[in-house]
Amino acid sequence: VGSFYAFLVRMDVLAANPCDQLQRPRVLQPPPRGLSADEVRRLLAAIPDTRVGLRDRAIVVTLLLTGRRRAEVLGMTIGDIACERGVPYYAYRGKGGTRGRRELPMPAYDAMRAALAAFGRELSTMSPDEPLWLSSRGSGAGVTSGVFAGNLRRYYRCAGLARSGVHALRHSAAKLRRDAGESVEQVSRFLDHSSLAVTTTYLRRIEGQEDTG
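What counts, and where the lines are drawn
- Residues numbered from 1 in each chain as written.
- Predicted model: local features only at pLDDT ≥ 70, side-chain atom pairs only at ≥ 80, totals over all residues.
- Heavy atoms only, no water.
- Helix = DSSP H or I, 4+ residues; strand = E, 2+ residues; numbered from the N terminus.
- Buried < 20%, exposed > 50% of the residue type's maximum accessible area, 1.4 Å probe, protein only.
- Contact = heavy atoms within 4.5 Å.
- Patch = residues over 30% accessible without salt bridge, like charges linked within 9 Å, V, L, I, M, F, W, Y side chains within 5 Å.
- Areas by Shrake-Rupley, 256 points an atom, 1.4 Å probe, with all protein chains shown as cover.
- Salt bridge = Lys/Arg side-chain N within 4 Å of Asp/Glu carboxyl O.
- Pairing = 2+ DSSP bridges.
- 1 Å grid on protein atoms, 1.4 Å probe; cavity = no way out; pocket = protein on both sides within 12 Å on 5 of 7 lines; lining within 4 Å.
- Points joined across faces, edges and corners; volume = space filled by probe spheres on them.
- Nonpolar A, V, L, I, M, F, W, Y, C, P; charged D, E, K, R; others polar.

A. A look at the side chain of histidine 193. In this fold, histidine 193 is placed in the loop between α8 (184-191) and α9 (196-206). Of the residues examined, histidine 193 reaches a relative accessible area of 16% and is grouped as buried. Histidine 193 has contacts with Arg170, Ser188, Val198, Thr199 and Tyr202, leaving out every residue within four places of it along the chain.

B. View of a nonpolar patch on the surface. A contiguous nonpolar surface patch, about 490 Å² in accessible area, is contributed by Phe4, Phe7, Met11, Val13 and Leu14. Mapping phenylalanine 7 onto the fold places it in helix α1 (residues 2-10).

C. Geometry of the pairing of strand β3 (residues 99-103). Pairing of strand β2 (residues 87-93) with β3, which is carried by five bridges, proceeds in the antiparallel orientation. Bridge pairing in β3 places alanine 91 opposite arginine 101. A loop of five residues connects β2 with β3, the two strands running antiparallel in sequence, and glycine 96 in this loop sits at a positive phi of about 80°.

D. Focus on empty space enclosed by the protein. Under the defined criterion, the tally for this structure stands at one cavity of 30 Å³ or more. Quantified by volume, the largest cavity comes out at close to 40 Å³. What lines the largest cavity is simply Arg55, Met112, Ala115, Leu116, Phe119, Leu132, Trp133 and Leu134. Ranked by residue count, the leading element in the lining of the largest cavity is helix α5 (residues 106-118), at three residues. Its residues assigned to classes, the lining of the largest cavity shows seven nonpolar, no polar and one charged.

This is the structure in structure tokens:
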């Protein structure tokens, strides 16, 4: 209603917005939440062994094991993946345009190869500029963020998990590392956070602790 009155003020129909004196309700965002190891297993088990399912499982595994953001993973191309002396690496374009290169956990690398094989493709024969995650038709455009997010919501539902989004997998990556005993400093480096303070606040929210600092 307030927005409508603001429009009338801009159109010179009214001189003032009568809603300006009203206190508007504050919209509370639900706190971020990471999945436990058991919930991750349930999520992966809910993804079918179809070629689209294998692709989506590879994306989920990559998000969980690298802790990268959605755009950073979904934007990967074939040229971002390399294997040197049996050790796989991935290149990424991070927040603010930063670039980096890290070792790729072998389960994620194996999942990528299995996903491409389901489409009749393999890393060694593809062009560096081709998308890593193929669309359902195997076309060169690659899967879109919206399509993957929609599929992921369905997998959450099939696994009996609370509705959530893609970014919850980054939360989960941080939570799983903390549950495994990693320090805040290690998790901060893993997430590429700008400071330990950012990571501390991030983890407190995920773990449901009050930030009293």
